[in-house]
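Chain residues, written in single-letter form:
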Amino acid sequence: MKIAIAKDEAFNFIYRANVDAMKACGEVCYFSPLADQEIPACDFLYLPGGYPELFAEALAKNKSMKESIRYYAEKEGAIFAECGGMMYLTKCIEINGELYPMCDVLPFKSTMKDAHLHLGYRIIPLDKNSLKGHEFHYSEIEESVPSPTVLATQNQLSAKGKSVQTTIYQYKNVMAGYTHWYWAECGFESFLSHLKSSIKHA
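This section reports on the structure supplied with the text. (Residues numbered from 1 in each chain as written. Predicted model: local features only at pLDDT ≥ 70, side-chain atom pairs only at ≥ 80, totals over all residues. Heavy atoms only, no water.)

## A few points about the sheet that holds strand β4 (residues 44-47)
Argument step 1. Reading across from one edge, β3-β1-β4-β6-β17-β16 is the order of the six strands in this open sheet, with mixed pairing throughout. Looking at the sheet topology across the chains shown, the edges are occupied by β3 (27-31) and β16 (168-171). Geometrically, the sheet is characterised by an average inter-axis angle of 15 degrees between neighbouring strands, direction not taken into account.
Argument step 2. Pairing geometry for β4 and strand β6 (residues 78-82), over four bridges, is parallel. (Pairing = 2+ DSSP bridges. Helix = DSSP H or I, 4+ residues; strand = E, 2+ residues; numbered from the N terminus. Axes fitted to C-alpha atoms, helices over the stretch in contact; angles between N-to-C directions.)

Structure below.
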């Protein structure tokens, strides 16, 4: 399996141990949504967190990269996106009233309007273990028009065991959400399998 990871000034929140876990599954390569023209040939695309809102104009102008990601998603390509990576997959990022077009894979708008911090550990309990991660972001997702193309949603738990409204979205073979997950302990493929099985389909 060849795994392509977005890595540049806009997407740089990556646990090194997670990358090592992905390397155990196959070949890892990197690309830049800011500088490259298209994604590399791959079997799996990982869009990690970062600060796309700080590079929204440059990301918006790189139309060929956005088109290659949208084409890959529509052709059933496997994508996993976290936080900033998920923002990149939305229709646009709104900053100070201005809209910057993104990949338009997920039919939402991400916005920095009335930005406030969402912070905390996140857990999805499993039969014998649990998936663990953390949430850290200022942006919001606006779902102005509910779309039947988004197939799944999942409530996660805080460190105190309370339900939090942190959604995991699934569209075709795309999974995305705000949580930064840590999968080094269970392995990348096992993590994806557990995550898919834990999603509650609408």
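## Focus on the nonpolar core
Argument step 1. Of all hydrophobic cores here, the largest spans 39 residues; its most connected members are Leu 45, Leu 47, Ile 69, Ile 79, Tyr 88 and Leu 89.
Argument step 2. What Leu 47 contacts, discounting residues up to four positions off in sequence, is Ala 6, Phe 31, Ile 79, Phe 80, Ala 81, Glu 82, Gly 85, Tyr 88 and Leu 89.
Argument step 3. In terms of nonpolar packing, the next biggest core, distinct from the first, is built from 21 residues, Phe 44, Phe 80, Leu 131 and Leu 192 among them. (Core = buried A, V, L, I, M, F, W, Y, C linked by side-chain atoms within 4.5 Å. Buried < 20%, exposed > 50% of the residue type's maximum accessible area, 1.4 Å probe, protein only. Contact = heavy atoms within 4.5 Å.)

## Quick word on the pairing of β4
As a general feature of sheets, a regular strand has side chains that alternate between the two faces.
Argument step 1. Of the two faces of β4, both are covered, the one formed by Phe 44 and Tyr 46 as well as the one formed by Leu 45 and Leu 47.
Argument step 2. The pairing of strand β1 (residues 2-6) with β4 spans three bridges and is classified as parallel. When the bridges of β4 are listed, Ile 5 appears paired with Tyr 46.

## Things to note about the environment of Ser 163
Argument step 1. As for its position among the elements, Ser 163 is in strand β15 (residues 163-164).
Argument step 2. The spacing of Ser 163 and Ala 4 is 159 residues in sequence and 33 Å in space, taken between C-alpha atoms.
Argument step 3. Once residues within four sequence positions are removed from consideration, Ser 163 is found in contact with Asn 155, Gln 156 and Leu 157.

## Describing the packing of aromatic side chains
The relation between two aromatic rings is expressed through the spacing of the ring centres and the mutual angle of the planes.
Argument step 1. The final tally for this structure, using the stated rule, is twelve aromatic pairs.
Argument step 2. Taking the centre distance of 5.7 Å and the plane angle of 75 degrees together, the rings of Phe 13 and Tyr 15 count as edge-to-face.
Argument step 3. Phe 13 gets classed as partly exposed once you look at its relative accessible area, which sits at 34%.
Argument step 4. Accessibility expressed as a relative area gives 27% for Tyr 15, which makes it partly exposed.
Argument step 5. Aromatic side chains Trp 181 and Phe 191 sit 6.3 Å apart centroid to centroid with 50 degrees between the ring planes, which places their arrangement in the tilted category. (Phe/Tyr/Trp six-rings, centres within 6.5 Å; stacked < 30°, edge-to-face > 60°.)

## A look at the environment of Arg 16
Argument step 1. Following the sequence through the fold, Arg 16 ends up in helix α1 (residues 16-23).
Argument step 2. Take Arg 16: its relative accessible area is 70%, and that puts it in the exposed class.
Argument step 3. Each C-alpha atom, one on Arg 16 and one on Gln 154, is 26 Å from the other, the two residues being 138 residues apart in sequence.

## A look at helix α3 (residues 63-74)
Argument step 1. The first and last C-alpha atoms of α3 sit 16 Å apart over twelve residues, in line with the 16 Å expected at 1.5 Å per residue.
Argument step 2. Of all the positions in α3, only Met 65, Lys 66, Ser 68, Ile 69, Tyr 72 and Ala 73 are classed as buried. Viewed end-on, α3 has its buried residues packed into an arc of 160 degrees, placing them on one side of the element. The outward face of α3, more than 90 degrees from its buried face, is lined by the exposed residues Lys 63 and Tyr 71.
Argument step 3. Remark: Glu 76 follows α3 within two positions and exhibits a positive phi of approximately 70 degrees. (Expected span 1.5 Å × (residues − 1). Arc of directions from axis to C-beta.)

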